[in-house]
Amino acid sequence: MVFTVFSIFWAMVTFCSIGMAIYMTTLFWDRYTSNPTRTTVTTLHAPTIALPFPAVTLCNENIVVESKVRALVETLNYSNVSEDDLINCFLQLQALTNQDQVIWNVQDFQKLHLVLHRNNLTILDVISRVGQNCEEMLLNCQWNFMSVNCSEVFRNTYSKLGLCCTFYGNLRFNKKQTFTDNYGTEGTLSLVTNPKVEPNKYFLGAMGLRILFHDALSYPDFRALKKIITTGTQTQIQIFGTKIVCSSGMSKLALEQRGCVFPGEVTLRHFTTYSDANCLIEKQAYEMMDICGCVPFYYDFIDFPKCNTLQLACFIEASIRNESWLEYSDDCPASCEDTLYEVKTTQVKLEKGDFYYIHSGDYIENLEEHTTQLKIYFVKFQKILQRDLLFSTVSLIASFGGIYSLFMGCSLITICEIIYYCTLRLFVKKQISKRTMDSRK
């Protein structure tokens, strides 16, 4: 009776131990497969040379300057429309970047299309002539303590904000990343700008500049870091960079586990360098092509037909109503190794006389009311983070060993004994039993 009770108790303990061991094994395995990585701080005091300086894109909030529209209209051949009506048609191009605010008129776009067709002009031609270009916007540029020709470090670009100026550094034609070992207000990028501000009934934006900070190898899409700078100010913009690097073990994980991609794992059709921004804008271009049969003028990275004025209605409606490209985040994973930026701004309202001496020896004349000084610079120290494995294969095996040792007293020797008793020992016993029977005969 006592032996039976002891056997039952021992069987219950054994089965409970096996059940707990299996349960704990499942927990560790789920944790290993679903959240295998961690991010740790490598250093908070990295030098600025460790991170690329971001591309800086300056866009005038007033993408259609009325005085330039009037100058353009004087050169055009048109009929059956008055000059004021034609100017209003041009000013409605503000809807290209403010689709949800500007009340646009299809009939006006049709009039504009006829005029542009008669004069062999495209939307891109118009935007380049009615927007403010780099030569007009930038009065003075300094980079790494040296005065430079603005045209050497900036170039005219097109984005969803119209005609813009983008700083790529001295490698602007190669569109490679630019590095600097300087920091502080005087050591990096200092600009004097003169954004044209000419309000009109279609201009509903802020009076000033919109500045985008992004990687030099990535398209400045809607996810780029943006700041609006008021004109007539001295604005200091501090850049706080964070560089993310990966350990060697990260590349051994499946893409589904790490949730990011390494260079070369995903290729894009129209960009040589992969980034989630490039991937998203490329997919948007293909969807816009499917919907409207054309793409906006600022998709200059692709050879699809650009939307003319008659097709602008389709483009604007698709931009307002179609949010499906936000779902592309699953198809466009982030890069495993990346550089992120944060900025802080400080603005001081300046009188006209304050602009005359930007630095010692720099004398600038004929400054206008909206002249704005920008100082864009790295802070002294940057941050570097590292992604590595939370659980390596060795750690997983060690965890399993601890589980089965705790609940079942099991070890590698125990496993060898079980294999021995289930295989070799049975074979030996069978051979001994056979020899015993033979000897009795």
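Model, not experiment: these values are computed from the prediction.

A. Examining the sheet that holds strand S6 (residues 162–167) more closely. One open sheet holds the five strands; their spatial order is S5-S6-S2-S8-S9, and the pairing between them is antiparallel. Of all the strands in the sheet, just strand S5 (154–159) and strand S9 (225–230) have a single pairing partner and so form its edges. For this sheet the average axis-to-axis angle between neighbouring strands, irrespective of direction, equals 30 degrees. As defined by bridge partners, strand S2 (residues 55–60) adjoins S6 across four bridges and the pair is classed as antiparallel. Note that in S6 the partner of Val 56 across the bridge is Phe 167.

B. Expanded view of helix H5 (residues 123–130). Along H5, the residues that are buried comprise Ile 123, Val 126, Ile 127 and Val 130. With its buried residues spanning 95 degrees around the axis, H5 presents them on a single face.

C. Geometry of helix H2 (residues 66–73). Buried within H2 we find Glu 66, Lys 68, Val 69, Leu 72 and Val 73. For H2, the buried positions fall inside an angular range of 160 degrees around the axis, keeping them on one side. Next to the buried residues of H2 lie helix H3 (83–91), H5 and helix H6 (134–137).

D. Examining the environment of Ala 216 more closely. With respect to the secondary-structure elements, Ala 216 resides in the loop between strand S8 (208–214) and S9. By relative accessible area, Ala 216 is classed as buried at 5%. Expressed as a C-alpha distance, the spacing of Ala 216 and Val 56, which sit 160 residues apart in the sequence, is 8.4 Å.

E. How the structure looks around the state of the cysteines. Evaluation of the coordinates by the stated rule reveals six disulfides. Residue Cys 260 pairs covalently with Cys 336 via a disulfide, S to S 2.1 Å. Around the S-S axis, the bridge from Cys 260 to Cys 336 shows a dihedral of about 95 degrees and counts as right-handed. One end of the pair, Cys 260, is in strand S11 (residues 260–261); the other, Cys 336, is in the loop between strand S12 (334–335) and strand S13 (338–349), and 76 residues separate them in sequence. No difference in accessibility class separates Cys 260 from Cys 336, as the two residues are buried. Between the sulfur of Cys 279 and that of Cys 332 lies a disulfide, 2.1 Å long from S to S. Where Cys 279 bonds to Cys 332 through sulfur, the torsion about that S-S bond is close to -65 degrees, and the disulfide is left-handed. One end of the pair, Cys 279, is in helix H9 (residues 276–292); the other, Cys 332, is in the loop between helix H10 (312–321) and S12, and 53 residues separate them in sequence.

F. Seen up close, the pairing of S8. Along S8, six of the seven residues are buried, which leaves the element largely enclosed by surrounding structure. The pairing of S2 with S8 spans six bridges and is antiparallel. Each bridged residue has a counterpart across the sheet, and for Asn 60 the counterpart in S8 is Leu 209.

G. Layout of the packing of H2 against H3. Their axes nearest at 10 Å, the elements H2 and H3 cross at an angle of 130 degrees. When the axis of H2 is compared with that of H3, the two are oblique. Two packed elements cross with a definite hand, and for H2 against H3 that hand is right-handed. Where H2 abuts H3, its residues Glu 66, Val 69, Arg 70, Leu 72 and Val 73 lie against Glu 83, Asp 84, Leu 86, Ile 87, Phe 90 and Leu 91.

H. Geometry of the pattern of salt bridges. All chains considered together, the criterion is met by five salt bridges. A salt bridge links Asp 388 to Arg 38, with the shortest nitrogen-to-oxygen separation between them at 3.1 Å. Placement of the pair is Asp 388 in strand S15 (residues 382–389) and Arg 38 in strand S1 (residues 37–46), with a sequence separation of 350 residues. For Asp 388, a relative accessible area of 13% corresponds to the buried category.

I. How the structure looks around the packing of aromatic side chains. Across all of its chains, the model carries twelve aromatic pairs by this definition. Arranged with centres 5.2 Å apart and planes meeting at 65 degrees, the rings of Phe 53 and Trp 143 form a pair that is edge-to-face. Placement of Phe 53 in the loop between S1 and S2 and of Trp 143 in strand S3 (residues 138–143) is noted, with a sequence separation of 90 residues between them. A relative accessible area of 3% places Phe 53 in the buried class. On the basis of relative accessible area, Trp 143 is assigned to the buried category, the value being 5%. Where Tyr 219 meets Phe 301, the ring centres are 5.6 Å apart and the plane angle is 70 degrees; that geometry is what we call edge-to-face. Separated by 82 residues along the polypeptide, Tyr 219 in the loop between S8 and S9 and Phe 301 in the loop between H9 and H10 bring together distant segments of the chain. The exposure class of Tyr 219 is buried, given its relative accessible area of 7%. Feature note: the residues Tyr 158, Tyr 219, Phe 271, Phe 297, Tyr 298, Tyr 299 and Phe 301 constitute an aromatic cluster, connected by ring pairs.

Rules of the game
- Residues numbered from 1 in each chain as written.
- Predicted model: local features only at pLDDT ≥ 70, side-chain atom pairs only at ≥ 80, totals over all residues.
- Heavy atoms only, no water.
- Pairing = 2+ DSSP bridges.
- Helix = DSSP H or I, 4+ residues; strand = E, 2+ residues; numbered from the N terminus.
- Axes fitted to C-alpha atoms, helices over the stretch in contact; angles between N-to-C directions.
- Buried < 20%, exposed > 50% of the residue type's maximum accessible area, 1.4 Å probe, protein only.
- Arc of directions from axis to C-beta.
- Contact = heavy atoms within 4.5 Å.
- Disulfide = S-S within 2.5 Å.
- Parallel < 35°, antiparallel > 145°, perpendicular 65-115°, else oblique.
- Left-handed = near helix turned anticlockwise from the far one by under 90°.
- Salt bridge = Lys/Arg side-chain N within 4 Å of Asp/Glu carboxyl O.
- Phe/Tyr/Trp six-rings, centres within 6.5 Å; stacked < 30°, edge-to-face > 60°.

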